Amino acid sequence: MNRLRDLEIKPTQSALGAEIIGTDLSQPMPGELIHRLIKLWEKYHVIFFRGQSVSPERHIQISQWFGPRHAGYENMPILGDSTQPEMITISNVESDGLLGGGYIEPHQDGAYLPTPLAGAMMRAVEVPESGGDTSWSNLILAYQELPVMLKRKIRNLRVTATNIYAGKTSRTDLGGGKQFFAPDESPVYAHPLVRVHPATGKKILWVSPLNSERIEGVRNQIEANALLDTLKRHVDQDHLYYRHRWEAGDILIWDNRCCNHKRDAIPEGQRRVFYRTVIGGSRPF
Ligand code: SIN
């Protein structure tokens with residue numbers, strides 16, 4: 001256990017994702033194995049481990065193998081509140097649980113920040129018998145599949161994102177109460193519509209149906225809106241997704257720089273208790 005030669009990689013049959021077999025994340029992990037896990041995360045965008053049992057402290061430690069914690073911006077809340085706790089509960093039943101039990105549309109975490117999050121790590125403790133699957137889509141593949149003319153058209157454009165936890169745009173239908181910290185104004189940052197993955201150099205179509213707000217760099221705003229709608233439909237095609245059916249004991253780490261994620265609703269009366277940390281990101285280029 002926890003030796004490079006025992007590691008087994010089982011790619012999903014989808015557009016991204018791989019199961020990593022042969023590790024016990026609660027046990028000491030040699031540096032060369034951590035390095036390999038980081039490379040696998042960058043290659044598959046989503047990696048997951050079944051049957052794990054780790055403490056909250058270990059969860060935070062593992063998350064930091066992949067990057068620093070998100071330091072936070074006082075006036076730009078992410079899910080949770082303005083104080084950016086190290087780990088949050090995502091649950092439809094716990095008193096401190098966030099995000100309730102409804103469907104969550106495809107999004108990137110913190111797309112509205114000057115430095116959108118690099119990733120997140122989620123640990124499943126209680127899972128519903130049905131529903132509550134999470135799906136990730138591959139935005140590198142989405143870019144590659146664009147027609148050449150469209151690639152050319154969008155190469156120097158920028159896109160802004162809505163902060164659904166802030167100000168007038170604050171959402172009240174996501175459940176959980178605590179995330180609705182709402183400063184009056186949330187500053188707006190435009191990031192490249194086609195960003196480059198800082199580790200692999202691959203081009204990413206940085207668009208999400210829930211977050212992406214406005215394309216900048218096109219003179220005619222009606223045309224810009226139509227372009228954004230087209231791109232939102234493009235990134236949301238079924239073949240770009242990996243759908244994860246959760247099991248208790250799963251630990252999953254996703255690369256938020258090149259994936260959107262969405263969640264199915266959880267049926268009434270079923271319990272779901274997850275814990276999540278996030279990995280701080282850098283300025284997109
Ligand atoms: C999220 O959108 O970050 C939560 C996903 C989930 O609850 O599976």
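Residues numbered from 1 in each chain as written. Predicted model: local features only at pLDDT ≥ 70, side-chain atom pairs only at ≥ 80, totals over all residues. Heavy atoms only, no water.

Engineer: Kindly report on helix H1 (residues 31-44), identifying the contributing residues and their values.
Structural biologist: With 14 residues, H1 ought to run about 20 Å at 1.5 Å a step, and its terminal C-alpha atoms sit 20 Å apart, in line with that. All buried positions along H1 are accounted for by Leu33, Ile34, Leu37, Ile38, Leu40, Trp41, Glu42 and Tyr44. In this structure, the buried side of H1 is in contact with strand E1 (8-11), strand E2 (18-21), strand E3 (46-49), strand E7 (119-126), strand E15 (251-255) and strand E17 (273-279). Just downstream of H1, histidine 45 is the residue with a positive phi angle, here 70 degrees. (Helix = DSSP H or I, 4+ residues; strand = E, 2+ residues; numbered from the N terminus. Expected span 1.5 Å × (residues − 1). Buried < 20%, exposed > 50% of the residue type's maximum accessible area, 1.4 Å probe, protein only. Contact = heavy atoms within 4.5 Å.)

Engineer: Give a detailed account of unusual backbone geometry, specifying residues and quantitative values.
Structural biologist: Of note in this structure, histidine 45 is not a glycine but carries a positive phi near 70 degrees. Relative to the helices and strands, histidine 45 is located in the loop between H1 and E3. Located in the positive-phi region is leucine 99, a residue other than glycine, with phi close to 80 degrees. Tracing the backbone through its elements, the reader meets leucine 99 in strand E5 (residues 98-99).

Engineer: Tell me about the nonpolar core, residues and numbers included.
Structural biologist: Membership of the largest hydrophobic core comes to 51 residues, with the highest contact counts inside it found for Trp136, Ile154, Leu193, Leu205, Ile215 and Leu231. Here the element with the most residues in this core is helix H5 (residues 221-235); it accounts for five residues. Discounting residues that sit within four places of it in the chain, leucine 231 has contacts with Leu146, Leu150, Ile154, Leu193, Leu205, Val207 and Ile215. Of all hydrophobic cores here, the second largest spans 23 residues; its members include Leu7, Ile47, Val54 and Phe66. (Core = buried A, V, L, I, M, F, W, Y, C linked by side-chain atoms within 4.5 Å.)

Engineer: Tell me about the pattern of salt bridges, and name the residues and values.
Structural biologist: Tallied over the full model, the rule gives 13 salt bridges. Among the salt bridges present, the one from glutamate 126 reaches arginine 271, with a minimum N-O distance of 2.8 Å. On the criterion of sequence distance, the pair formed by glutamate 126 in strand E7 and arginine 271 in the loop between strand E16 (259-263) and E17 is long-range, its members being 145 residues apart. One network of salt bridges, with partners in common, ties together Asp133, Arg243, Arg245 and Asp264. (Salt bridge = Lys/Arg side-chain N within 4 Å of Asp/Glu carboxyl O.)

Engineer: Residues and numbers for the sheet that holds strand E14 (residues 241-244), please.
Structural biologist: Taken in spatial order, the four strands line up as E6-E16-E8-E14 in an open sheet, and their pairing is antiparallel. Each end of this open sheet is capped by a strand with a single partner; those strands are strand E6 (104-107) and E14. Taken over all neighbouring pairs, the strand axes of this sheet differ in orientation by 15 degrees on average, direction set aside. Here strand E8 (residues 134-138) runs beside E14; their pairing, made up of four bridges, is antiparallel. Note on E14: the bridge partner recorded for threonine 134 is histidine 244. (Pairing = 2+ DSSP bridges. Axes fitted to C-alpha atoms, helices over the stretch in contact; angles between N-to-C directions.)

Engineer: Any chance you could break down the side chain of threonine 160 for me, citing the residues and the numbers?
Structural biologist: Within the element layout of this structure, threonine 160 appears in strand E9 (residues 158-161). Among the residues examined, threonine 160 registers a relative accessible area of 4% and is labelled buried. In contact with threonine 160, not counting residues within four places along its chain, are Val188, Tyr189, Ala190, Asn211, Ser212, Glu213, Arg214 and Glu216.

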